[in-house]
Every structure is written in structure tokens, then in C-alpha cells.
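What follows is the residue order along each chain.
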Amino acid sequence: MARPVEPRDRLSISLGEAIFSLRAIRRVRPDPIPEEDLRDILTAAIQAPNGGNAQPWHFLVVRDAELRARLGELYHEAWWAKRADEGIRGPEDLDPANRVSASAMRLADEFGEAPAIVLVCATAQGAGAMGSVIPAVENLLLAARALGVGGTITTLHASVDERVKALLGIPAEAQIVYAVRLGYPRGRFGPVTRKPLDEVTSADRWGEPLA
């Protein structure tokens, strides 16, 4: 009997290719992600470093169509609640020339249509638990990229938190850190546009350039 392929062997693109082509994928196809791929993506996530090896994380994968639709409605509400916090009351208040805002608004409209949504949770409240969970999300996205799956990191809003927990049976003491939408891209991965390194780094003292 052939031995099963280990996740590390299935994630075969180079680390450099994964890092330099990883970008937020907001538009995805409805095609389901195979169970084996999802398991490998999450197995990669839990290899991440974390404080004291406490591993205070829980990954809730939402694939049921009805649950995704209801979660999409709550995400849409949360997205506009965050805009209201910024003084934005509706689409007419958004800059039509801002492509990022337009893309994010479309994501809010289509959120529940992705084939899988991973709620990345900390199993306790507080910044310490949240900080130990965050590195796992980068592992998750890099592993997804290696398998041709795109994703984007999103957050919810306090106004919907309790309802999301009730919908999905999340314990009150848990903390929803991110909602990561996964799917096969409509479009392509990277390259990405970033500020030059010298604009965002210093040596020894703030503002001193690297050698």
C-alpha cells in the first residue's frame, strides 16, 4: 500500500514564490476545495510559532451553504458598521476612484459565496491569546497559495460578534480573531505592489537608513 503524501511534500512551490506572489484574493470561484487540501492548509497553520506552545487556537471551517449565506449577511452588516465608525454611511460616501474600497465593498456583498470560510479563533480572550494565533494565519495563506487556493484576511465587528457565535456554536470565552475567505481565484496571484524597503525600515534609530 502506498504511503500517504505528507502535507509538507504537497506544498511544493518554493517559499520565495509563495511569499512574493501572495496577495489578497477577494474574487473567488464557487468550486469546492477538496477535503485533503483543506486539511493540509490547516495542518500548515498549526505549525506556526506561538507563545509557550500553548496553541490557543481553533479553526472553524464553514462550508455549509446555508451557514455561509447567513455568515455572509452578518459580515455585510459588520463591514458597513465599520464604515459607519469612519463616518461613511453608504456607497455614495466612498471615493469612486478608490479601487481598494470598491473591491472591499464587493467582497462584503459576495462574502458568503466563497466555498470555504475559516473563522480563526483564540480559545481565550485578550491580546496575548490573539497574538499567538496571528502567525498561524500567515502559514494558512502560504499553504493555500501553494495549492492554488486564494484567500483574504477579514475581521468582523462587535455589533455582530455574539450573533456569529450563536450561529456557529462558538463558546462565549473564545475570541474570533479573523474570518479568512478561501477559494480558487478569479484572476491570478501576485506580484504585489509595496512601498520601497528604505521607506519602511530603519537601522538602530528611527529614520536612520539601512547600510
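Residues numbered from 1 in each chain as written. Predicted model: local features only at pLDDT ≥ 70, side-chain atom pairs only at ≥ 80, totals over all residues. Heavy atoms only, no water.

Participant: A description of the packing of aromatic side chains should follow, citing residues and the corresponding values.
Facilitator: What the rule picks out here adds up to three aromatic pairs. Note on W57 and F59: the rings are 6.2 Å apart at their centroids and 45° apart in plane angle, and the pair reads as tilted. The pair W57 / F59 is uniform in exposure class, with both members buried. Note on W79 and W80: the rings are 4.8 Å apart at their centroids and 90° apart in plane angle, and the pair reads as edge-to-face. In this pair, the class of W79 matches that of W80, namely buried. The side chain of R83 reaches across the aromatic face of W79, ending 4.4 Å from its centre. The ring of F189 carries R145 above its face, with NZ or CZ at 4.1 Å from the centroid. (Phe/Tyr/Trp six-rings, centres within 6.5 Å; stacked < 30°, edge-to-face > 60°. Buried < 20%, exposed > 50% of the residue type's maximum accessible area, 1.4 Å probe, protein only. Lys NZ or Arg CZ within 6 Å of the ring centre and 35° of its normal.)

Participant: So, helix α6 (residues 127-146): which residues are in play, and what are the values?
Facilitator: Here α6 is 20 residues long and its end C-alpha atoms lie 30 Å apart, about the 28 Å a rise of 1.5 Å per residue gives. Of all the residues in α6, the buried ones are A129, S132, V133, A136, V137, L140, L141, L142, A143, A144, R145 and A146. On the buried face of α6, the contacting elements are α2 (15-21), α3 (35-45), β1 (57-62), β2 (116-122), β3 (150-154) and β4 (175-183). (Helix = DSSP H or I, 4+ residues; strand = E, 2+ residues; numbered from the N terminus. Expected span 1.5 Å × (residues − 1). Contact = heavy atoms within 4.5 Å.)

Participant: Please set out α3 residue by residue, giving values where relevant.
Facilitator: By the burial criterion, the buried members of α3 are D37, L38, D40, I41, L42, A44 and A45. Packed against the buried residues of α3 are α1 (7-10), β1, β2, α6 and β4.

Participant: Describe the pairing of β2, and please don't skip the residues or the numbers.
Facilitator: For β2, the buried fraction is high: seven of the seven residues fall into the buried class. Along β2, one buried face is formed by A116, V118, V120 and A122 and the opposite face, lined by I117, L119 and C121, is buried too. The pairing of β2 with β4 spans seven bridges and is antiparallel. Bridging from a neighbouring strand, A122 pairs with Q175 of β4. (Pairing = 2+ DSSP bridges.)

Participant: Outline the pattern of salt bridges, supporting the account with residue identities and numerical values.
Facilitator: For the coordinates displayed, the defined rule picks out nine salt bridges. Across the pair R10 and D37 runs a salt bridge whose closest N-O atoms are separated by 2.7 Å. Pair noted here: R10 is in helix α1 and D37 is in helix α3, with a separation of 27 residues, a long-range link. Here E86 ties to R83 by a salt bridge, and the two come within 3.3 Å at their closest N and O atoms. Given the relative accessible area of 51%, E86 is considered exposed. Residue classification places R83 among the buried residues on the basis of a relative accessible area of 12%. When salt bridges that share partners are traced, they join R10, E36, D37 and D40 into one network. (Salt bridge = Lys/Arg side-chain N within 4 Å of Asp/Glu carboxyl O.)

Participant: Tell me what's going on with the side chain of K165, and back it up with residues and numbers.
Facilitator: Turning to its location among the elements, K165 is positioned in helix α7 (residues 158-168). In contact with K165, other than residues within four places in its own chain, are Q125, I170, P171, A172, A174 and I176.

Participant: If you had to explain a nonpolar patch on the surface to someone new, which residues and values would you point to?
Facilitator: On the surface, a cluster of nonpolar side chains totalling about 350 Å² of accessible area is made up of L15, I19 and F20. As for its placement among the helices and strands, L15 is situated in helix α2. Judged by its relative accessible area of 57%, L15 falls in the exposed class. (Patch = residues over 30% accessible without salt bridge, like charges linked within 9 Å, V, L, I, M, F, W, Y side chains within 5 Å. Areas by Shrake-Rupley, 256 points an atom, 1.4 Å probe, with all protein chains shown as cover.)

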